[in-house]
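Observations on the three-dimensional arrangement
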Amino acid sequence: MQKIKSLMARQGLKSPQESMADLSPVENLRIPSKEELRELREQPIDPQAEQEIIDSIEEVYFSNDSFDMVQHELEKLPPELNLQELEEYRDKLKRQQSAVSKKVADLILEKQPAYVKELERVTALQTNLQLAAVICTNARRQLSVAKEGFTEASLGLLANQRRRQLLTGLLKSLRTIKTLVRFTDIIFTCSIFCSKLHEEDYPGAIQLCLECQKAEQLDVALSKTCKHFDVLHYTKVQLAYKLLGKTQTAMDQLHMHFTQAIHNTVFQVVLGYVELCAGNADTKFQKMQYKDLCTHITLDSYIPCLTDLCKALWEVMLSYHCTMQWHEEHDKQENTPTPESDELVVDRSYVKKKLEHGLTRIWQDVQLKVKAYILGTDMSNFKYDDFIVVLDVISRLMQVGEEFCGSKSEVLQESIKRQSINYFKNYHRARLEELRMFLENETWELCPVKSNFNIAQLHEFKFMGQCRSPSVSPSRQAVTSSTLAQEELSLFQQYLQEGNPFEMHIEHKEEETEDVLASNGYESDELEKSVYQDYDSDSDVPEELKQDYVDEQTGDAPLKSVSRETIRSKKKSDYNLNKTNAPILTNTTLNVIRLVGKYMQMMNILKPIAFDVIHCVSQLFDYYLYAVYTFFGRNDMYESSGLGLISSRLRTTLNRIQESLIDMNAGVHGPGEDRKEKVPSPHLSQLVVLTNSGSLYGLAQRVVATESLVFLAEQFESLQSHLDTMMPAAKKPFLQQFYSQTVSTASELRKPIYWIVAAKAIDYEQMLLLMAGVKWDIREIMSQHNVYVDVLLKEFEQFNKRLGDVSRHVRIPLPVSNVLWEHCIRLANRTLVEGYANVKKCSNEGRALMQLDFQQFLMKLEKLTDLRPIPDKEFVETYIKAYYLTENDMEQFIKNHREYSMKQLANLVNVCLGSHINKKARQKLLAAIDDIDRPKR
């Protein structure tokens, strides 16, 4: 057996046990090669001979593994060795070894497929076991986490349950003590009664019984004063207790009755509404706790139930207030110089302290009951007016509490604050989506309002108590003044005899109507007619502007006569002759203003959420500003214009709005938590056309949009002081930053929005082409300007006429017309400089002709507009005059005038070459220009 093992070891084979111990990796298993197996097969050929050889092996070789074959063979050697016999015996052993090896090899080859197959199964089993180990590890980890969570939750539940059981046991013990105290009194009374009977004092026993009955009746009579205080009734009850010598006991009982009255009152009010809305006779609600009962109030019955709840609680607090007044007046009446007994002094002091302490206790009970009612219903889906009514009722209740005991009503404030924040988040989110819908459907038509329109005329701002509508009659104002006089009294003084402070909040609608819209776009048809007549008159137009021009160089007929209609309103840059100065706003603007008023109402009623509300108000303005910019002001040519159209402050504001409020990935991803506070960017309505040259590329819509934003900013400015008084001191920097960095930038949007119109209204490219055809290297001083000047003036006249046409539909304020004219003139002047910079050759006479052209342009332009000074006038004049500068002056000019482009400066140097600048100086000046341009690269 050992020989077989040694043979297997020599051939790289292992026993099955060794193979099982080293299954992985499989590649390490040594299988005899084909050459080795072939060699073993080729030694003996006859199987029978092989078997005979194997049979001739001694049995001792198969005995056990510890057999030492070498020792065995050595012991078999004879004393005298014969070499030939040894060699024959050696050959015999070799044949036996060869036969055994071949037999083993055959057996291995025969069993090899089964061995490999079984090895593969073992390998697969090992892989499955490893996977199972991973699964088990993960399962154990998750079970451990679940066990910890379950254990903590279970322990928490058990702790709460144990606390509940302890409190329940304590309550039972307290009730037992109360019962024992009552039984003690009863037993004491019974013992006295029995002793009197035993002593045969029958009149005393009867009198004792009567006293007990009277005491019980007195307690019932005392409890009746908790809801409806009656002076005569209470006086009799107090006198009865005083005769019994139980004044302090009466006061203790009175407070117990007030506490019980509060509980019973609120429970019965809420139960009545719950059963009414349930519509069945199910009595399960009567067994509910008050807190659970409040969760069954429906949305429709919430406000009526709240109002009735406050009315009922008011009656209880009014009764307590009257009780205190009775005792104060009673003490004053009994405050006589006659000496009082110590017992009376002690009773009076005890009653006073008890009543003062009871104020806070009763108000705390009221707050807790109303808090349970407030938090029992989710008010996030309430209508705005309904929620305002709720806030108004709670605000009035807190006013009652402040007058009742001087409390700030922290419990009520916290509960209504929680509901308000929850409601306001949903409400504001819906309003932002609504605003986006309005903006996307807005056609930017003028909303006709009266010239004296003011936000104080809107219902939403009536609460501010500012400018009342002119339609309010003097009698109504008299009623208002009397109402203000009444409000100087406390609520307990106003409603001491009759009425209830919570009855007025359901009838809160204003009887008067708003009077802010004009019947049409004009205040007066006669005014409109007279204005148009005056607008069509051209009697004051100089004759030179009515004449045609002739090309003095070619002598050709005029290209086109100057239209007189285009310059009839030449003296006015403010195109509002046909309109009164009514505010420019849209329906969307009006809706935003109304929304701001609603937000401020909520903030005025509930000051703890003032910052949250003001932050949302700022988002309304932010979104409106961003929409106007996106619709009418976004253009990729701003940076290349070099006119500084968007200030750094405005750009910062727009970037802040886009990052904090605008959802740029709307519709791409799901509604993640971090995107709930954002709104998709609005899209301009397809009904608004901004590409029509006849309408000056939607100038009317641009004016309405931009000026409505400016008007909205003005209204925000007027509200700043009011908002500042409501804002918490720690949050006031936010409000100041909002006004300084956002509201004040509204007017800055005029530049980029109207620049788009100015860039398209005049054909500047045509002017460049005409200038390129002018010969500037002339040798004579010309007295006639070039044709391109007349063509440019013709463009301005046409622009002026189109402005007049637009102003017939929408008033163009003076700041707007000034911005438009400024942009057009600035672009024209820069185009002139660009045209002069394209000149290849130019003489001194040519430069003089440039000056003549520009002066002609300025002279005619000043008759078309009142804008002074003419924008960029020095920009052109300085460039023309720079042609005459010497080398040193030119170098200084290049360093100081970086408003010109590198191309314009380089052309100035190249054109001057040969006249008064040599090539060396030219290279020096071009190098200076390159040095200026290098930091920009």
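Note that the coordinates shown come from a computational prediction; the quantities given were computed from them, not determined experimentally.

Remarks on the overall build of the protein chain
Each helix and strand in the protein chain was counted, giving 33 helices and two strands. Roughly 52500 Å² of accessible area belongs to the protein chain as shown, and the carbon and sulfur atoms make up 53% of that amount.

Some words on the side chain of N829
Within the secondary structure layout, N829 lies in helix α28 (residues 814-837). Of the residues examined, N829 reaches a relative accessible area of 0% and is grouped as buried. Once residues within four sequence positions are removed from consideration, N829 is found in contact with F854, F857, I870, P871, D872, K873 and V876.

Describing a nonpolar patch on the surface
The grouping of V70, L74, L77, L81 and L86 at the surface amounts to a nonpolar patch, some 440 Å² of accessible area in total. Considering the arrangement of structural elements, one finds L86 in helix α6 (residues 83-198).

Topic: the side chain of S807
Along the chain, S807 turns up in helix α27 (residues 787-807). Under the relative-accessibility criterion, S807 is labelled buried at 3%. Among the polar contacts made by the side chain of S807, one reaches the main-chain carbonyl oxygen of G804 at a distance of 2.6 Å.

Side note on α27
Taking 1.5 Å per residue, 21 residues should reach 30 Å; α27 reaches 31 Å between its end C-alpha atoms and fits that length. Counting buried positions along α27 yields 16 of 21 residues, so the element is predominantly enclosed.

Quick look at helix α29 (residues 844-861)
For α29, built from 18 residues, the straight-helix expectation of 26 Å at 1.5 Å per residue is met to within 8% by its first-to-last C-alpha distance of 26 Å. By the burial criterion, the buried members of α29 are G846, R847, L849, M850, D853, F854, Q856, F857, L858, K860 and L861.

Remarks on the packing of aromatic side chains
Aromatic ring pairs are described here by two measures, namely the spacing of the ring centres and the angle between the planes. Inspection of every chain in the model, using the stated rule, returns 33 aromatic pairs. Geometrically, the ring pair formed by F796 and F857 is tilted, given 5.8 Å between the ring centres and 55° between the ring planes. Of this pair, F796 sits in helix α27 while F857 is found in helix α29, placing the two residues 61 residues apart along the sequence. Chaining the aromatic ring pairs together yields one cluster made of F258, W314, Y320, F404, F492 and Y495. Directly above the aromatic system of Y427 lies the positively charged group of R431, at a separation of 4.6 Å from the ring centroid. Over the aromatic face of F875 sits the side chain of R830, whose NZ or CZ is 4.5 Å from the ring centroid.

Some thoughts on the packing of helix α19 (residues 587-605) against helix α20 (residues 610-633)
In a packed pair of helices, the relevant descriptors are the angle between the two axes and the axis-to-axis distance. At their nearest, the axes of α19 and α20 sit 9 Å apart, and the two run at 175° to each other. Viewed along their axes, α19 and α20 adopt a mutual orientation that is roughly antiparallel. Residues T588, T589, V592, L595, V596, Y599 and M603 of α19 pack against A610, V613, I614, C616, V617, L620 and Y624 of α20.

Digging into the pattern of salt bridges
Here the structure, examined in full by the defined rule, presents 23 salt bridges. K102 serves as the salt-bridge partner of E50, at 3.4 Å between the closest nitrogen and oxygen. In this pair, E50 is assigned in helix α4 (residues 47-55) and K102 in helix α6, connecting sequence segments 52 residues apart. Taking relative accessible area as the criterion, E50 reaches 8% and is therefore assigned buried. The class of K102 is buried, set by a relative accessible area of 9%. Between E118 and R121 there is a salt bridge, with its nearest N and O atoms 3.3 Å apart. One end of the pair is E118 and the other is R121, both in helix α6 and three residues apart, which spans about a single turn.

Let's talk about the confidence of the model for the protein chain
Scored by pLDDT, the protein chain has a mean of 79; 76% of the residues are at 70 or more. Counted against residues more than four places away or in other chains, residues 466-485, with its pLDDT under 50, gives 12 contacts. Confidence drops under a pLDDT of 50 for residues 505-512, and excluding neighbours within four residues, the segment shows 18 contacts in the predicted structure.

A few points about the packing of helix α14 (residues 410-441) against α19
Taken N-terminus to C-terminus, the directions of α14 and α19 make an angle of 170°; their axes are 11 Å apart at the nearest point. Taken as axis vectors, α14 and α19 run roughly antiparallel relative to one another. Touching Y423, F424, Y427, H428, R431, L435, F438 and L439 of α14 are T588, N591, V592, L595, K598, Y599 and M602, all from α19. By residue class, the composition of the contact of α14 with α19 is 10 nonpolar, three polar and two charged.

Re unusual backbone geometry
Here the bond from R868 into P869 is cis, since omega is -5°, no more than 30 degrees from zero. Relative to the assigned elements, P869 resides in the loop between α29 and α30 (873-881). At S409, a position not held by glycine, the phi torsion is positive, near 55°. Its location among the elements puts S409 in the loop between α13 (384-405) and α14. On the basis of relative accessibility, which here comes to 0%, the residue S409 falls in the buried class.

Considerations on the environment of I825
Tracing the backbone shows I825 in helix α28. Take I825: its relative accessible area is 0%, and that puts it in the buried class. Along the backbone, I825 and D872 are 47 residues apart, and their C-alpha atoms lie at a distance of 7.8 Å.

Definitions and limits used
- Residues numbered from 1 in each chain as written.
- Predicted model: local features only at pLDDT ≥ 70, side-chain atom pairs only at ≥ 80, totals over all residues.
- Heavy atoms only, no water.
- Helix = DSSP H or I, 4+ residues; strand = E, 2+ residues; numbered from the N terminus.
- Areas by Shrake-Rupley, 256 points an atom, 1.4 Å probe, with all protein chains shown as cover.
- Buried < 20%, exposed > 50% of the residue type's maximum accessible area, 1.4 Å probe, protein only.
- Contact = heavy atoms within 4.5 Å.
- Patch = residues over 30% accessible without salt bridge, like charges linked within 9 Å, V, L, I, M, F, W, Y side chains within 5 Å.
- Salt bridge = Lys/Arg side-chain N within 4 Å of Asp/Glu carboxyl O.
- Polar contact = N/O pair within 3.5 Å; in protein donor to acceptor, adjacent residues only side chain to side chain.
- Expected span 1.5 Å × (residues − 1).
- Phe/Tyr/Trp six-rings, centres within 6.5 Å; stacked < 30°, edge-to-face > 60°.
- Lys NZ or Arg CZ within 6 Å of the ring centre and 35° of its normal.
- Axes fitted to C-alpha atoms, helices over the stretch in contact; angles between N-to-C directions.
- Parallel < 35°, antiparallel > 145°, perpendicular 65-115°, else oblique.
- pLDDT = per-residue confidence, 0-100.
- Nonpolar A, V, L, I, M, F, W, Y, C, P; charged D, E, K, R; others polar.

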